[in-house]
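Observations on the model geometry
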Amino acid sequence: MSYRMAVCVKQVPDTENLSGEVMKEDGTVNRSALPSIVNPEDLNALELAIQIREQEGGEVIAMSMGPPSAAEALRECLYRGADRAILLTDRKFAASDTLATSYILSCAVRSLGDVDMVMCGRQAIDGDTAQIGPQLAEKLGLPQVTYVQEVQELEPGRIVLRRSFDEGYEVVEAPMPVLLTVMDEANEPRRPSAKRLMKYKKARTPYELEKEEREDLLDEYREKSLLIGQWDHEDAGCDLEQCGGSGSPTKVKNIESVKLVSEEHEQIEPTPDGVSQLVQHLSEEHLFE
């Protein structure tokens, strides 16, 4: 039995080394000042799908919604082992909140035809909502298992998983098809394969070929499996009323920039007397016993 799996990935700003230099005056992040990466836990979801394909056979399809530049995230998925990649990009998708985004992704998954599993990372590092996976499962009418740590059993129509929760873990069984959200502790994502990197660094979307004035090579790229799928709202079968701003009920009421400023401070000399003074002060304030 082989399994057809769709993995939803997101291109996000690399916030690991976030500094004041990339912050705007209103306290928001200037995304253009940060390098873009594939959301880390989405790579864990991709790795789990690839492991299942290697053991059982099947197909891994990476999907991402974003601007044309998000094609780079999909090339990264191809380097690591995805069989196909599809970019969902359309100006009508702009300003989508999680509700609209999950709707667009659900339309795209349905357009793929039958799939056995849909996988997402637990959450994205730019929004930290952890909402896309559960909302996507609801819209697809699929059972969902969140916070997945390990696949323990897999057979046609049935999967057994270990999932994390606040006080430990639990083992659950789910029918298939199923949606999974995968945690970073589930696996160690493989590095890009040198052989696949040499091949798929040439992969392009139709938009990129047009921009490079090589649209005449569209059929050739398709024949060589180097064409990244590019879907707009019509290709995915979306209702525009549920996309973008019109399909996004989330409204930002207020943005407050919080600055932590010390009103007073005392410098302690790095001497035995200074350390004793610090310990005494902390004890008096009941901060240290």
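Residues numbered from 1 in each chain as written. Predicted model: local features only at pLDDT ≥ 70, side-chain atom pairs only at ≥ 80, totals over all residues. Heavy atoms only, no water.

1. Section: a negative patch on the surface
Spelled out, the test is: Think of a patch as exposed residues, more than 30% relative accessible area, with no salt bridge, where like charges cluster within 9 Å and nonpolar side chains (Val, Leu, Ile, Met, Phe, Trp, Tyr) cluster within 5 Å. A 1.4 Å probe and the Shrake-Rupley method give the accessible areas. Residues count as covered only by the protein chains that appear here. By definition here, a salt bridge exists when the distance from a side-chain nitrogen of Lys or Arg to a carboxyl oxygen of Asp or Glu is within 4 Å. Just so you know, the count uses Lys and Arg for positive and Asp and Glu for negative, and it drops His and the chain ends. In this description, the location of a charge corresponds to atom NZ of lysine, CZ of arginine, CG of aspartate or CD of glutamate. Each helix corresponds to a stretch of at least 4 residues labelled H or I by DSSP, and each strand to a stretch of at least 2 residues labelled E; elements are numbered beginning at the N terminus.
A contiguous patch of negative charge on the surface is contributed by Glu 210, Glu 213, Glu 215 and Asp 216. Tracing the backbone shows Glu 215 in the loop between helix H6 (206-211) and helix H7 (218-223).

2. Observations regarding the state of the cysteines
Note the cut-off: The disulfide definition used here is simple: a pair of cysteine sulfur atoms within 2.5 Å. Burial classes follow relative accessibility: with a 1.4 Å probe on protein chains only, a residue under 20% of its type's maximum area counts as buried, one over 50% as exposed, and anything between as partly exposed.
One pass over the structure, following the stated rule, counts zero disulfides. Cys 77 takes part in no disulfide bond, and the closest cysteine sulfur, belonging to Cys 8, lies 11 Å away. The cysteine Cys 238 is free of any disulfide, with Cys 107 supplying the nearest cysteine sulfur at 3.9 Å. Owing to a relative accessible area of 11%, Cys 238 belongs among the buried residues under this scheme.

3. Brief notes about the nonpolar core
What counts, and what does not: Only buried residues count toward a nonpolar core, which is a set of Ala, Val, Leu, Ile, Met, Phe, Trp, Tyr and Cys residues joined through side-chain atoms within 4.5 Å. It only takes one pair of heavy atoms within 4.5 Å for two residues to be counted as in contact.
In this structure, Met 117, Met 119 and Leu 180 are the most contacted members of the largest nonpolar core, which totals 41 residues. Among the elements that make up this core, the one with the highest residue count is helix H1 (residues 40-56) (seven residues). Here Leu 180 is in contact with Leu 48, Met 117, Val 118, Met 119, Cys 120, Val 145, Val 148, Ile 159 and Leu 161, once residues within four sequence places are set aside. Cys 8, Ile 86, Tyr 103 and Val 118 belong to the second largest nonpolar core, which has 27 residues in total.

4. Regarding the pattern of salt bridges
Counted by the stated rule, this structure contains 19 salt bridges. For Glu 54, the salt bridge identified is with Arg 190, shortest N-O distance 2.6 Å. Of the two residues, Glu 54 is situated in helix H1 and Arg 190 in the loop between strand S10 (178-182) and helix H5 (194-200); the sequence distance between them amounts to 136 residues. Arg 163 is the salt-bridge partner of Glu 170, the closest N and O atoms lying 2.7 Å from each other. The class for Arg 163 is buried, based on a relative accessible area of 15%. Taken together, the shared-partner salt bridges connect Glu 153, Glu 155, Arg 158 and Glu 173 into one network.

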